[in-house]
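Examining the three-dimensional arrangement
What follows is the residue order along each chain.
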Amino acid sequence: MVKYYPLIAGFFMLIFVSLAGCHFMQEQKQGAKGNNHDLEVLLINDIQDGRLDMPFDQASLIASGVNTDKKMQSYLKKIDLLISRIKQETDINTTNDPIKKAEIIFGWLHTSTNEGTYNDCYDFRDTLNLKVGNCLSYAIRFTIVCRYFGVDIKNIFIPGHIYNMLVFNGQTRYFEHTHSDGIVKKKDLYHPDKKVMKDEELIAEIFLYKARNANIDLKYEESCSYCQRALMFNPQDNRPVILLLDNYIARKRYEEAFRYLSDHLSRHPDDMKSFKHTFVLLQRLCKKEDGKTR
């Protein structure tokens, strides 16, 4: 799902984990002063307490890039249209069984609204406009529609992929959006690192995709900002931090990377064993740079 190609090869970048920043909060405050109706500012303000209170469909759209009330209403109408069609074209209203409802929704979406699967098509707007997506955007759409019909669907994350799960009355059903047969592969089903995602983590995934794309396009400051957004919604995820450090290193800002890594380790001393080599390597790079300036 989220793949990026760091500029620093090998284990050097793979073990970079720390907390870093790009003056993100300062930029957000300035943005808020300039436009009190900026939807992304509202979203960022919402997550300050670590919890998403905004409706999940709206948060997903804002993270994807919806930036005006007019556009928001337009996309919400597209979601309403999906729900209306499901009511009209299926027998979903004839059952109270959540598993049956989920299967009806999944089947209808899969046959009526999926025009293609593309690994990098994370943008929820594209899923609503063009009927294309990847595991993330399709899972978001499925979650939104299921919740409307009272189905407590869960999003399951494994490294590189997302699928859905429903547990009801001792029964468990899995839903795979990116395989034509709709069946979750065994290696994904029994992956040792699988976990149930929170809504906040799904929003973080959208920002992480945007950060990755900006990094590939050499837009390092922009990538930093998206990394920070991802960290705000999922502070336990080290992938945005790895990418954020790559943005600094790409600009040879080794001292900043070292400072942030040091700060992270001071607050998370248990990580020192894992990041000892990274710490030492950055330390050497900083000394080398310091020597050049003398």
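Above this text sits the structure in question.
Computed from a predicted structure; not experimentally measured.

1. Points about helix 6 (residues 98-112)
An ideal rise of 1.5 Å per residue puts 21 Å on 15 residues; helix 6 measures up with 21 Å between its terminal C-alpha atoms. All of the buried residues in helix 6 are Pro98, Ile99, Lys101, Ala102, Ile104, Ile105, Phe106, Trp108 and Leu109. On the buried face of helix 6, the contacting elements are helix 5 (69-89), helix 8 (135-148), strand 4 (161-168) and strand 5 (171-175).

2. Some points on the side chain of Asn134
Along the chain, Asn134 falls in the loop between strand 2 (132-133) and helix 8. Look at Asn134 and you get buried, because its relative accessible area is 2%.

3. Some points on the pattern of salt bridges
Inspection of the entire model under this criterion finds 15 salt bridges. The residue Glu103 makes a salt bridge to Arg173 at a minimum N-O spacing of 3.2 Å. Linking Glu103 in helix 6 with Arg173 in strand 5, this pair joins segments that are 70 residues apart in sequence. Residue Arg173 is classed as partly exposed on the basis of its relative accessible area of 30%.

4. Digging into the pairing of strand 4
Most of strand 4 is tucked away, with 6 of its 8 residues classed as buried. Here strand 3 (residues 154-158) runs beside strand 4; their pairing, made up of 5 bridges, is antiparallel. Each residue of the ladder has a partner; that of Lys154, found in strand 4, is Met165. In this structure, the hairpin formed by strand 3 and strand 4 is closed by a connection of 2 residues, where Gly160 is found at a positive phi of approximately 95°. Bridge count between strand 4 and strand 5: 5 bridges; the pairing is antiparallel. Bridge pairing links Asn164 to Phe175 in strand 5. Here strand 4 hands over to strand 5 after 2 residues, with Asn169 in that stretch at a positive phi of 50°.

Rules used throughout
Residues numbered from 1 in each chain as written. Predicted model: local features only at pLDDT ≥ 70, side-chain atom pairs only at ≥ 80, totals over all residues. Heavy atoms only, no water. Helix = DSSP H or I, 4+ residues; strand = E, 2+ residues; numbered from the N terminus. Expected span 1.5 Å × (residues − 1). Buried < 20%, exposed > 50% of the residue type's maximum accessible area, 1.4 Å probe, protein only. Contact = heavy atoms within 4.5 Å. Salt bridge = Lys/Arg side-chain N within 4 Å of Asp/Glu carboxyl O. Pairing = 2+ DSSP bridges.

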